[in-house]
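# Chain and residue survey
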Amino acid sequence: MELSKRQEAILEIVKKEGPITGEQIAERLSLTRATLRPDMAILTMSGLLEARPRVGYYYSGKTPGKVIAEKLHRIKVGEIKSVPVVVPEHCSVYDAVVTMFIEDVGTLFVVREGGLLEGVVSRKDLLKTTLGGQDIHKLPVGVVMTRMPNVITVGPEDSVWIAAKKLISHEVDALPVVRPAGEGAKSTELEVIGRLTKTNITRLFVELGEGN
């Protein structure tokens, strides 16, 4: 998060003199309160400053990096997940390749009836199989996928920070977002309700950097 010179000046004033009113800050900078209003809104919304009625502004003690870290812990996977791209286990490798390119994704989730997760197949898995000389029109994708329970997943209530750590530590491009399957299913069965990708994380960082 990059602050303007004026916002940095406001922070320094509040650090030294807070709690301090908006009117007093404007006087120190020889500006009107209306001119400062957008800057004060950004600083308070970002968590760098806090404000109390009839008291004024005071410094929260948080650095821009700490503010972003707290937001990453607070934002849930369910808030930024994408629509999952799925194929059935009996789908051929050829059809999986076609689906991957049409949907412009790097990972497909393999499901059975009810959207229950069976496995995951990556672009690398399909490329290796295609170059292997096998008949990809007849070979089912279930033969080349990574099967449950060896699939790394996240839940909609997990923090984005947890999801990002899983993406990095397991060196994968996408994670299935899952929840326990409905009534009648086994306790280990999971329903796919979304996907969380490196693109989702990158887009979130851009939005945080823009102050959104």
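Sequence order as written defines the numbering, with residues in each chain counted from 1. Per-residue local features are limited, in this predicted model, to residues with pLDDT of at least 70; the limit for side-chain atom pairs, both in listing and counting, is 80 or more; totals at the level of whole chains, interfaces and linings are taken over all residues. The basis for the side-chain values is all heavy atoms of the structure; hydrogens and waters are excluded.

## Focus: the domain arrangement of the protein
Domain parsing of the protein yields domain 1 (5-62) and domain 2 (74-210). An automatic or database domain assignment provides the domain bounds reported here. Using C-alpha coordinates to define each centre, domain 1 is positioned 45 Å away from domain 2.

## Considering the nonpolar core
If you look at the biggest cluster of nonpolar residues, it comprises 17 residues, and the most contacted ones within it are Ile80, Val154, Val160, Leu196, Ile201 and Leu204. Labels follow the DSSP assignment, with helices taken as runs of H or I lasting at least four residues and strands as runs of E lasting at least two, numbered in each case from the N terminus. Where this core is concerned, the elements lending two or more residues are α4 (64-74), α5 (77-80), α8 (160-169), β7 (174-180), β8 (190-197) and α9 (198-209). Of the residues forming this core, the biggest block, four residues, is contributed by α8. If sequence neighbours within four positions are ignored, isoleucine 201 has contacts with Ile80, Val160, Ala164, Leu167 and Leu196. Buried Ala, Val, Leu, Ile, Met, Phe, Trp, Tyr and Cys residues form a nonpolar core when they are joined through side-chain atoms within 4.5 Å. For each residue, the accessible area found with a 1.4 Å probe, counting protein chains only, is set against the maximum for its type, and the residue is called buried under 20%, exposed over 50%, and partly exposed in between. Grouped together as the second largest cluster of nonpolar side chains are 16 residues, Leu108, Val121, Leu126 and Met145 included. Note on definitions: a residue-residue contact is assigned when non-hydrogen atoms from the two residues lie within 4.5 Å.

## With respect to the packing of aromatic side chains
Think of it this way: a Phe, Tyr or Trp ring, Trp meaning its six-membered ring, pairs with another when their centres are within 6.5 Å, and the plane angle makes it stacked under 30 degrees, edge-to-face over 60, tilted otherwise. Overall, the coordinates contain zero aromatic pairs when judged by the stated rule. Geometry around tyrosine 59 places lysine 15 over its ring, the cationic atom sitting 4.9 Å from the centre. Two conditions define a charge located above a ring, namely a distance within 6 Å from the ring centre to NZ of Lys or CZ of Arg, and an angle within 35 degrees of the ring normal.

## Some points on the side chain of threonine 107
Structurally, the position occupied by threonine 107 is in strand β4 (residues 107-112). The exposure class assigned to threonine 107 is buried, which follows from its relative accessible area of 8%. The contacts of threonine 107, once residues within four sequence positions are left out, are Val85, Met100, Val120, Val121, Ser122, Asp173 and Ala174.

## Concerning helix α7 (residues 123-131)
Among the residues making up α7, those that are buried are Asp125, Leu126 and Thr129. Projected down its long axis, α7 carries its buried residues within an arc of 95°, all on one side. For α7, exposure combined with an orientation more than 90 degrees from the buried face picks out Lys124, Leu127, Lys128 and Leu131. Looking at the residues trailing α7, positive phi occurs at glycine 133, about 85°. Starting at the helix axis, one direction is taken to each C-beta atom, and the arc is that of these directions.

## A word on the pattern of salt bridges
A side-chain nitrogen of Lys or Arg and a carboxyl oxygen of Asp or Glu constitute a salt bridge if their distance falls within 4 Å. Using the criterion set out here, one finds eight salt bridges in the structure. When the shortest N-O distance is used, the salt bridge between aspartate 173 and lysine 198 registers 3.3 Å. Of this pair, aspartate 173 sits in the loop between α8 and β7 while lysine 198 sits in helix α9, and the two are 25 residues apart along the sequence. For lysine 198, a relative accessible area of 41% translates into the label partly exposed.

## Section: helix α3 (residues 33-45)
The end-to-end C-alpha distance of α3 is 17 Å, a good match for the 18 Å that 13 residues give at a rise of 1.5 Å each. Its maximal kink placed at aspartate 39, α3 deviates by approximately 30°. Here α3 has its buried residues at Leu36, Asp39, Met40 and Leu43. A positive phi of about 95° marks glycine 47, the residue just after α3. Here a helix's expected span is defined as the number of its residues, less one, multiplied by 1.5 Å. Think of it this way: the bend at a residue is just the angle between two axes, each fitted to seven residues, one set ending at that residue and the other starting at it.

## Here we look at the side chain of serine 82
One can find serine 82 in the loop between α5 and β3 (86-88). When its relative accessible area of 19% is taken as the criterion, serine 82 is described as buried. Contact partners of serine 82, with chain neighbours within four places excluded, come to Gly194, Arg195 and Asn200.

## Some remarks on the packing of helix α2 (residues 22-29) against α3
Working convention: axes come from line fits to C-alpha atoms, limited for helices to the stretch in contact. Angles between N-to-C directions cover 0 to 180 degrees. Running from N to C, α2 and α3 point in directions that differ by 110°, and their axes come no closer than 10 Å. The angle between the axes of α2 and α3 places the two elements in the roughly perpendicular class. Contacts between α2 and α3 involve Gly22, Glu23, Ile25, Ala26 and Leu29 from the first element and Arg33, Leu36 and Met40 from the second. Angle categories are assigned with fixed cut-offs, so that under 35 degrees is roughly parallel, over 145 is roughly antiparallel, 65 to 115 is roughly perpendicular, and the rest are oblique.

## Concerning the packing of helix α1 (residues 5-17) against α2
The geometry of α1 relative to α2 is characterised by a closest axis approach of 11 Å and an angle of 120° between their N-to-C directions. In terms of their interaxial angle, α1 and α2 are classed as oblique. Helix-helix and strand crossings are classified by hand; for α1 and α2 the assignment is right-handed. Here Ala9, Ile10, Ile13, Val14 and Glu17 of α1 come into contact with α2, specifically with Ile25, Arg28 and Leu29. Note on convention: the crossing is left-handed when the near helix lies turned anticlockwise from the far helix by less than a right angle, right-handed when the turn is clockwise.

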